[in-house]
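Here is what each chain is made of, one letter per residue.
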Amino acid sequence: MGDRDEVYFQARNLRKTWQSEEQRLQVDFSLDLQAGEMVALLGPSGCGKSTVLRLIAGLLTPDVEDGQESPVLRLEGRSLLPVPPGKRQIGMVFQQPSLFPHLRTDDNVAYGLRCQGMGRAESRRQAMALLEGFGMKDFARRRPESLSGGEAQRVSLARTLIVRPKLILFDEPLSALDAPLRRRLAQDIRRMQGEFDFAGIFVTHDIEEAQLVADRIVRMEADRSIASS
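The rules behind each value
- Residues numbered from 1 in each chain as written.
- Predicted model: local features only at pLDDT ≥ 70, side-chain atom pairs only at ≥ 80, totals over all residues.
- Heavy atoms only, no water.
- Helix = DSSP H or I, 4+ residues; strand = E, 2+ residues; numbered from the N terminus.
- Rg over C-alpha atoms; globule rule 2.2 N^0.38 Å.
- Buried < 20%, exposed > 50% of the residue type's maximum accessible area, 1.4 Å probe, protein only.
- Areas by Shrake-Rupley, 256 points an atom, 1.4 Å probe, with all protein chains shown as cover.
- Lys, Arg positive; Asp, Glu negative; His and termini not counted.
- Charge placed at Lys NZ, Arg CZ, Asp CG, Glu CD.
- pLDDT = per-residue confidence, 0-100.
- 1 Å grid on protein atoms, 1.4 Å probe; cavity = no way out; pocket = protein on both sides within 12 Å on 5 of 7 lines; lining within 4 Å.
- Points joined across faces, edges and corners; volume = space filled by probe spheres on them.
- Nonpolar A, V, L, I, M, F, W, Y, C, P; charged D, E, K, R; others polar.
- Expected span 1.5 Å × (residues − 1).
- Arc of directions from axis to C-beta.
- Contact = heavy atoms within 4.5 Å.
- Polar contact = N/O pair within 3.5 Å; in protein donor to acceptor, adjacent residues only side chain to side chain.
- Salt bridge = Lys/Arg side-chain N within 4 Å of Asp/Glu carboxyl O.
- Core = buried A, V, L, I, M, F, W, Y, C linked by side-chain atoms within 4.5 Å.

### Remarks on the overall build of the protein
In terms of helices and strands, the protein carries 6 helices and 9 strands. The C-alpha atoms of the protein give a radius of gyration of 18 Å, which matches the 17 Å a tight globule of 229 residues would have. By its C-alpha atoms, the protein is 55 × 35 × 35 Å across when sized along the principal axes. Looking at the 229 residues of the protein, the share that counts as buried comes to 48%. Carbon and sulfur atoms provide 46% of the accessible area of the protein, an area that totals close to 11,400 Å². Positive and negative side-chain charges in the protein, numbering 32 and 32 respectively, have mean positions lying 6 Å apart.

### Quick notes on the confidence of the model for the protein
Regions with low pLDDT should not have their predicted coordinates read in detail. In the predicted model, the protein carries a mean pLDDT of 89, and the fraction of residues at 70 or more is 93%. The secondary-structure element of the protein with the lowest mean pLDDT is helix 5 (residues 179–196), recorded at 88, while strand 4 (residues 72–75) shows the highest, at 97.

### What to know about empty space enclosed by the protein
Applying the stated criterion to the full structure yields 1 cavity of 30 Å³ or more. Looking at the largest cavity, its volume works out to about 40 Å³. Residue lining of the largest cavity: Val-93, Gln-153, Arg-154, Leu-157, Leu-174, Leu-185 and Ile-189, and that is the complete set. At the level of elements, helix 4 (149–161) and helix 5 are the ones that each hand at least two residues to the lining of the largest cavity. When residues of the lining of the largest cavity are assigned to their parent elements, the largest contribution, 3 residues, is made by helix 4. A class-by-class count of the residues in the lining of the largest cavity yields 5 nonpolar, 1 polar and 1 charged.

### Re helix 5
The α-helix winds at 3.6 residues per turn, so residues separated by three or four positions along the chain end up facing the same way. Under the 1.5 Å per step criterion, the end-to-end length of helix 5 is 25 Å for 18 residues, consistent within 8% with the ideal 26 Å. Along helix 5, the residues that are buried comprise Leu-181, Leu-185, Ala-186, Asp-188, Ile-189, Met-192, Gln-193 and Phe-196. All buried residues of helix 5 project into a common sector of 160 degrees when viewed along the axis, lining one side. On its buried face, helix 5 is in contact with strand 3 (38–42), helix 3 (120–133), helix 4, strand 7 (167–171), strand 8 (199–204) and helix 6 (207–213). Between a side-chain oxygen at the N-terminus of helix 5 and the backbone nitrogen of Leu-181 the separation is 3.0 Å; the capping residue is Asp-178. Downstream of helix 5 by a residue or two, Asp-197 has a phi angle that is positive, lying close to 60 degrees.

### Focus on the side chain of Thr-160
Position of Thr-160 among the secondary structure elements: in helix 4. Judged by relative accessible area, which is 10%, Thr-160 ranks as buried.

### A word on the pattern of salt bridges
This structure, assessed with the given rule, holds 16 salt bridges. With a closest N to O distance of 3.0 Å, Asp-32 and Arg-12 form a salt bridge. On the criterion of sequence distance, the pair formed by Asp-32 in strand 2 (residues 24–34) and Arg-12 in strand 1 (residues 7–19) is long-range, its members being 20 residues apart. For Asp-32, a relative accessible area of 15% corresponds to the buried category. The salt bridge partner of Arg-104 is Asp-107, with a shortest N-O separation of 4.0 Å. Classification of Arg-104 as buried rests on a relative accessible area of 17%. Exposure remark for Asp-107: the relative accessible area of 14% places this residue in the buried category. A cluster of three or more residues bridged by salt bridges with shared partners is formed by Arg-104, Asp-106, Asp-107 and Arg-124.

### Description of the nonpolar core
The biggest cluster of nonpolar side chains holds 37 residues, and the ones touching the most others in it are Met-38, Val-109, Leu-130, Phe-134, Leu-161, Phe-170 and Ile-189. When residues of this core are traced back to their parent elements, those giving at least two are strand 3, helix 2 (105–115), helix 3, helix 4, strand 7, helix 5 and helix 6. For this core, the leading source of residues is helix 5, giving 6 residues. Sequence-distant contacts of Val-109, defined by excluding residues within four places in its chain, comprise Ala-127, Leu-130, Leu-131, Val-155, Ala-158, Arg-159 and Ile-162.

The following block contains the structure:
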């Protein structure tokens, strides 16, 4: 765990521009994040919140233009820009859980550990411990199609957490759920963040959700370059 006063994650000059028939979207993003800190990106649809996450994850490449400062993306002092998405040690939780339909809940959660070479017995043991923390121990043998939306999102979060990523990106993971369930899961995420001490960036358009989850809120607006540190 790093010093709380030092910069754990740094993004500078992450730019992306699209031109469609309807509108021109421009993102110019900068952010400093401390170890163990959760920041919420709050703004309306179309303001570039998800684009920012994809730039950080490596699913999109920042624009580089003559005469402008070069993009910077660092995690624990290491540049991420030349690193492929799968090697960045960044986890991502999406709006739709996208669980493997042929695997049971415990095997879905254990999947990342199995990919790292851990044996089936130990990976399942760790998956069960994490499921218990989410109050889902009794769901371990169930298939994804039998889970509710909230249950599936808990499994998705557990699957992300189990490999201990250095940074977790949340792309509106609660927006498909009803309001009471969103509040409960936001509280669960906040609790698990305290337990696992991970750094995170949480995208939402809901101010109450942002306040429940985050240490700090960064507001984004449509059709405007944004920057925060």
